Amino acid sequence: MRELNLMKASLLVLILASVAATIPAMAEDPSATISGHNKIDPDDTAALARVLSDTELSALPAIIMEDGTGLPGGQGNAERGEEIYNSTCVACHGPEGQGGTALELVGDRSLLATEFPDRGIAVYWPYAPPLFGYIRRAMPPDKPWSLEVDDVYSVIAYILEVSELADPGQIVDAAFLSSLEMPNRDGFRSRFD
Amino acid sequence: MTMKNPDKKSLQVDASEAGGGLYSRRRFVQRGVAGAATLAAAGSVFAESPDSWRQQGDAFSNYGQPLEGTLGSRQQPIRWITSNSAVTGDGVSWTPLHDLAGTITPNGLHFERHHNGVAVVDPGSWELLINGAVGRSLAFNLDSLHRLPMVSRIAFLECGGNSNSLWHPNAVQAPAGFLHGLVSCAEWTGVRLSTLLDAVSPTDDAKWLVADGYDSAGVTVSLPLSELPEDAMLALYQNGETLRAENGYPARLLIPGWEGVTNLKWLRSLTLTDRPAMTRYDTVSYTDLLKDGTVERFSFEMGVKSLITSPSPGHTIPGSGLHEISGLAWTGAGVITRVELSADGGKSWADAELQQPVLSKAFTRFRAAWQWDGNPAILKSRATDERGRVQPERQALIEEKGTNVYYHYNAVLAWAVAANGSLSHVYA
């Protein structure tokens, strides 16, 4: 009990001391109020962080933009892509991209306003370059980030070919994907257009 | 309105004469004191001293666990998992809203939506990169983030695809939380996004933020700085404890009121750009296919929505007489200003009482007393938010947007009560 009472007493002293230390100061000068996130000097925040050098930045995997900015060098073709597709993708996406446990990659393009619309790449990918970023990052789900750059371009070449968006034999690379006009681009809209 | 009178003692709804047994003030005044059914003395639990009086209690625990076993006639609340058969990490687990009370979702029951499982991130080597259209590219580690001033706020978080089975023509039967529980509400603590963005000195070209994570599903989203709410944060804590792995440890975006996918988990980089990147998650998913065949992008804000959590499908009302009707309402616009209840399928409505305090972009609990006469009934709730938006009826929502939207379903929900006390989900 004695210890408890001592603790209580010292706690009370502590509380009183802190009240005495802070309240009058705040009352006298409102601008001295502690905190205020908007008042944090950005340089003070930055001082806690590590500044990245240009060398380190250039080595980072780029965000791939809709116009192809960020796409890596390299290339692929549908012949090689079909091999990869049939070993790596077909189990979920079905033969020739017709769909399965995963979304179809090839589908009816005219059915967007029907009851069960197909979601093939021709209708649901208004831009081609993000295909690269997504497939490289996320496919196949059991071994993501496992396809080499040329393999990703090749798989895209195959999907584009069966979607009738690229001619057989088309070399697919950054330049081709950047220039490819996807057919349903105007079907997507937003208040930022 | 009840919201402005938080001290009002009674449970009743407003003075209108809503039918179906919803309490009204008139009814409350007219009724006298009725005798409660007397309990039979024999076999009463009070006849003998309880076993727990004769033995010492259980031990302390370092981290308290949920109760085990059955909870009387109640269900042990658990998340219900539904996932892709071929890719088990692509799926959801639902918050059991029908088995919870209050407004805060326990951390172990917060809904999950993963596209390829829970990312495992080493906190020691984790850094958040902020680069792109900036004066200086910075990387913050976890220790540095913990030195920055933080904020706490309670916010709901809802997957854009919550309730999406209701776009289908037939009403799916499942407990309410397992159709609508891709929404949860927690107190989040973290560093304001503006604090971090100020530090990198964004250039004039910085108009969008492209957020990327440590996950293996390539979930990357483009967010417009012009609309990003001031209260957006980099969340490090959830309900007082460190973020759980399935909720984005070590850090996630928390954008109050915006659809779940924008609240990126396991955050790795924020790249400032002059335009959206149009990633897969900006186009293929989380976009709204409208009935004219066009696809609307960047529909971030969640609509005004409510549901009755008790009683709800999966529950059985044990008998006629007094019951509380209780549920949750929320809106991405800010504050819920009104929740109306109907016990007769929408023929008549009465205001429910809103549990105070009503917080912006957070769950609001609503309640009303209901005297059930034992006859079939249809319960509905309808929320209104501070922008004056009213939850639409299902028919109106479909007429406006069609049935292929997939995301942002927020129509009024209806529970049919059968004479035996069971409840089912109906379109009514």
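This write-up is about the structure you can find in this document. What you are looking at is a predicted structure, and each value in this text was computed from that prediction instead of being measured. (Residues numbered from 1 in each chain as written. Chains lettered and ligands numbered in written order. Predicted model: local features only at pLDDT ≥ 70, side-chain atom pairs only at ≥ 80, totals over all residues. Heavy atoms only, no water.)

## Points about the interface of chain B and chain A
Argument step 1. The partner chain A presents 48 residues to the 64 residues of chain B that form the contact.
Argument step 2. One can count nine salt bridges joining chain B with chain A.
Argument step 3. Across the pair Asp212(B) and Arg137(A) runs a salt bridge whose closest N-O atoms are separated by 2.8 Å.
Argument step 4. At the junction of chain B and chain A, the tally comes to 19 residue pairs in polar contact (both at pLDDT 80 or more).
Argument step 5. Residue assignment for the side of chain B that touches chain A shows that the elements contributing at least two residues are β4 (127–132), β5 (138–141), α4 (193–199), β8 (208–213), β9 (220–224), β13 (267–273), α5 (280–283) and β15 (295–296) of chain B.
Argument step 6. By residue number, the principal contributor to the side of chain B that touches chain A is β8(B), which donates four residues.
Argument step 7. The class makeup of the residues in the side of chain B that touches chain A is 28 nonpolar, 21 polar and 15 charged. (Contact = heavy atoms within 4.5 Å. Salt bridge = Lys/Arg side-chain N within 4 Å of Asp/Glu carboxyl O. Polar contact = N/O pair within 3.5 Å; in protein donor to acceptor, adjacent residues only side chain to side chain. Helix = DSSP H or I, 4+ residues; strand = E, 2+ residues; numbered from the N terminus. Nonpolar A, V, L, I, M, F, W, Y, C, P; charged D, E, K, R; others polar.)

## Details of the sheet that holds strand β4 (residues 188–189) of chain A
Argument step 1. Spatial strand order, β4(A)-β15(B)-β14(B): three strands in an open sheet with mixed pairing. This sheet does not close on itself; its edge strands, each paired only once, are β4 of chain A together with β14 (288–289) of chain B.
Argument step 2. The pairing of β4(A) with β15(B) spans two bridges and is parallel. Paired with Arg189(A) across the strands is Glu296(B), a residue of β15(B). (Pairing = 2+ DSSP bridges.)

## Topic: empty space enclosed by the protein
Residues and elements named next belong to chain B.
Argument step 1. Evaluated as defined, the whole model comprises three cavities of 30 Å³ or more.
Argument step 2. Considered as a void within the structure, the largest cavity measures approximately 260 Å³ in volume.
Argument step 3. What lines the largest cavity is a set of 25 residues, and nearest its centre among them are Arg-113, Arg-252, Gly-260, Val-261 and Lys-265.
Argument step 4. By residue number, the principal contributor to the lining of the largest cavity is strand β3 (residues 112–114), which donates three residues.
Argument step 5. Grouping the constituent residues of the lining of the largest cavity by class yields nine nonpolar, ten polar and six charged.
Argument step 6. For the second largest cavity, the calculated volume is near 70 Å³.
Argument step 7. Looking at the second largest cavity, it is lined by 14 residues, and the ones nearest its centre are Glu-259, Tyr-281, Asp-282, Tyr-286 and Phe-300.
Argument step 8. Where the lining of the second largest cavity is concerned, the elements lending two or more residues are β9 and α5.
Argument step 9. Here the residues of the lining of the second largest cavity are counted per class, giving seven nonpolar, five polar and two charged. (1 Å grid on protein atoms, 1.4 Å probe; cavity = no way out; pocket = protein on both sides within 12 Å on 5 of 7 lines; lining within 4 Å. Points joined across faces, edges and corners; volume = space filled by probe spheres on them.)

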